[in-house]
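# Chain and residue survey
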Amino acid sequence: MSVDQYMLEVGERAKNAARIVASADSKQKNLALQQMATALDEHRCALLTANAKDLQEGIDKGLSAPMLDRLKIDDAGIDKMMASLQQVASLADPIGGISDMNYLDSGIQLGKMRVPLGVIGIIYESRPNVTVEAASLCLKSGNATILRGGSEAIHSNRAIAACIAQGLEKSNLPADVVQVIDTVDREVVGKLITMTEHVDVIIPRGGKGLIERVSRDAKVPVIKHLDGICHVYIDDEAELEKALAIAVNAKTRRYGVCNAMETLLVHKDIASRILPELCAIFQQKKVELRGCTLSRLVAPEMSLATEQDWSTEYLAAILSIKIVDDLSAAIEHINHYGSAHTDAIVTENYSKSRIFLRQVDSSSVMVNTSTAFADGFEYGLGAEIGISTDKIHVRGPVGLEGLTSQKFIVLGNGEIRQ
């Protein structure tokens, strides 16, 4: 079967399934999610075996350590996927919710109702857990979904897809509510992002190349997740112990994730007090440090940062460090070089924190905490499909409400327009 014919059939099945799941009640959707969690637990050995095969093939192909880290599933990872499904099941169902009801002068009553988007196409790389997160959020928000994972995770995604199908079957929902593309043919992506008759929105989740390609070539509307060039700014009125803990956690908790700090900004008046200790910790953790000229005067063990470093998402044990004159300079740097993902300030000055919150133009802006918290699960969304850096429709972690729209509803009692 050709890719065109295969994707046409996938699209038609998804469109039909979308009509069914849109009218499913909360109880049925929650049952499906719970049954998916049960299936993951029942088929734990099969999942680990499939993932081991992906990991070995990835090693043979020379995948980087961060890529292998994102690809790996272990027992703890399966437990987290199960917990994610359970948490989404416990969340309030947004579909059918009515808000902003008001009587107008004409006598009619006007409001808005929360409704599904329809069919959501999701394209992602590496992380098999995205298959579970995407399926759960799309299902709970009343959408059908077409999932296209990366070729490096094909065996893991097939095993997870079987668990999802089992959960749907046991809740009497059609298997086509969640379809995982079962081919690594690259033409599938090009077809999926142009299927305007069958797909209502595309969400790409992956590297810069994937996002740029989808944004450039898609005919279907796109919710974008761009680079995670995240900053932590340590102000001259920061509490040093707090700043040390936040900066180390933001960078070293995990390197290959979009919410990891990539650039550390330090106020000039505090640099000599905090940078030597910070650099020692980072070097102990084998983080490569690239600093500006002033930073290297304080910590000469750093290599010299280039202009490109300030706009690079490393996704690795590399950190760029810059000393800035003041809060305004930090904000200017972030808004110029950042990717509008997540940025944090460490300060005990309330006024400065408010300025930072207002003026930093990112989807998540934080005060006195680690950028690692920029995550749908941590935000109580149950899971996330991605972190949108767009400003239209949805911004930040995309959870249930981000996968819905609203329609106007009008209630009358025989009124006619004059």
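Everything in this summary refers to the structure shown in the same document. Per chain, residue numbering runs from 1 following the sequence as it is written. The model is predicted, so local features are restricted to residues of pLDDT at least 70 and side-chain atom pairs to those at 80 or more, both for listing and for counting; the totals for chains, interfaces and linings are taken over all residues. The basis for the side-chain values is all heavy atoms of the structure; hydrogens and waters are excluded.

Each helix corresponds to a stretch of at least 4 residues labelled H or I by DSSP, and each strand to a stretch of at least 2 residues labelled E; elements are numbered beginning at the N terminus. Helix and strand counts for the chain stand at 14 helices and 16 strands. When we talk radius of gyration, it's over C-alpha atoms, and the globule rule is simply 2.2 Å times the number of residues to the 0.38. Over its C-alpha trace the chain gives a radius of gyration of 23 Å, about what one expects of a compact globule, namely 22 Å for 418 residues. With the C-alpha coordinates aligned to their principal axes, the bounding extent of the chain is approximately 70 × 65 × 35 Å. Exposure categories follow from relative accessible area, calculated using a 1.4 Å probe and restricted to protein chains: below 20% of the type maximum is buried, above 50% is exposed, and the middle band is partly exposed. Across the 418 residues of the chain, 52% fall into the buried class.

Here the focus is the sheet that holds strand 16 (residues 404-411). Note on pairing: two strands pair once DSSP finds at least 2 bridges between them. One open sheet holds the three strands; their spatial order is 1-2-16, and the pairing between them is antiparallel. With one partner strand each, in any of the chains shown, strand 1 (98-103) and strand 16 form the two edges of the open sheet. Within this sheet the neighbouring strands show an average axis-to-axis angle of 20°, counted without direction. Between N-to-C directions, angles cover 0 to 180 degrees, with each direction set by a line fitted to C-alpha atoms, over the stretch in contact for helices.

Once that is clear, we can look at the packing of aromatic side chains. Centre distance within 6.5 Å is the pairing criterion for rings of Phe, Tyr and Trp, where only the six-membered ring of Trp is used; planes under 30 degrees apart are then read as stacked, over 60 as edge-to-face, and the remainder as tilted. A full pass over the atoms with the stated rule returns zero aromatic pairs. Definition used: whenever NZ (Lys) or CZ (Arg) falls within 6 Å of the ring centre and also within 35 degrees of the ring normal, the charge is taken to sit over that ring. The side chain of Lys 322 reaches across the aromatic face of Trp 310, ending 5.6 Å from its centre.

Counting residues in each nonpolar core, the largest one holds 68 residues, and the members touching the most others are Leu 40, Ile 122, Leu 139 and Leu 168. Excluding its chain neighbours within four sequence positions, the residues that come into contact with Leu 139 are Val 21, Lys 29, Ala 32, Leu 33, Met 36, Leu 168, Leu 173 and Val 177. Within the second largest apolar cluster, 36 residues are counted, among which are Ile 234, Ile 246, Val 248 and Val 266. For our purposes a nonpolar core is just a set of buried Ala, Val, Leu, Ile, Met, Phe, Trp, Tyr and Cys residues, chained together by side-chain atoms within 4.5 Å. Contact criterion: two residues are considered in contact whenever any of their non-hydrogen atoms come within 4.5 Å of each other.

With that out of the way, let us pick up the sheet that holds strand 12 (residues 342-346). Spatial ordering of the open sheet is given by 10-9-11-8-7-12-13, a layout of seven strands whose pairing is parallel. Strand pairing shows two members of the sheet lacking a second neighbour, strand 10 (303-304) and strand 13 (364-367), which therefore form its edges. Relative to strand 8 (residues 261-267), strand 7 (residues 230-234) is paired through five bridges, and the arrangement is parallel. Pairing of Val 232 across the sheet is with Leu 264, part of strand 8. Against the sheet, helix 10 (residues 240-252) touches strand 7, strand 8, strand 11 (318-324) and strand 12, its axis set at about 160° to strand 8. Across the sheet, helix 14 (residues 350-359) is in contact with strand 7, strand 12 and strand 13; its angle to strand 13 comes to roughly 170°.

Looking at the element boundaries, Leu 8 is found in helix 1 (residues 3-22). For Leu 8, a relative accessible area of 32% gives the class partly exposed. Counting along the chain gives 239 residues from Leu 8 to Ala 247, while the straight-line C-alpha distance between them is 48 Å.

We note that Lys 286 has phi near 65°; this positive angle belongs to a residue other than glycine. Take Lys 286: it is sitting in the loop between helix 11 (271-284) and strand 9 (288-291). The phi dihedral of Leu 315 is positive, around 55°, even though this residue is not glycine. As for its position among the elements, Leu 315 is in the loop between strand 10 and strand 11.

This part takes up the pattern of salt bridges. Salt bridges are defined as contacts in which a side-chain nitrogen from Lys or Arg sits within 4 Å of a carboxyl oxygen from Asp or Glu. In the structure shown here, the tally under the stated rule is 22 salt bridges. With a closest N to O distance of 2.9 Å, Asp 93 and Lys 29 form a salt bridge. Of this pair, Asp 93 sits in the loop between helix 5 (75-90) and strand 1 while Lys 29 sits in helix 2 (residues 26-42), and the two are 64 residues apart along the sequence. Residues Lys 224 and Asp 390 are paired through a salt bridge, measuring 3.0 Å at the closest nitrogen-oxygen approach.

All right, on to helix 11 then. Multiplying one less than the number of residues by 1.5 Å gives the expected span of a helix. Spanning 14 residues, helix 11 covers 19 Å between terminal C-alpha atoms, matching the ideal 20 Å at 1.5 Å per step. Residues of helix 11 that are buried include every one of Ala 271, Ile 274, Leu 275, Leu 278, Cys 279 and Phe 282, and no others. Looking down the long axis of helix 11, one finds its buried residues gathered within 125° of arc, a one-sided arrangement. Exposed side chains of helix 11 directed beyond 90 degrees from the buried face belong to Ser 272, Arg 273 and Gln 284. Here the buried face of helix 11 lies against strand 7, helix 10, strand 8, strand 9, helix 12 (293-298) and strand 11. Two residues or fewer after helix 11 comes Lys 286, characterised by a positive phi angle close to 65°. An arc is given here, and it is the one of the directions from the helix axis to the C-beta atoms.

That's the geometry; what it means functionally is another story.
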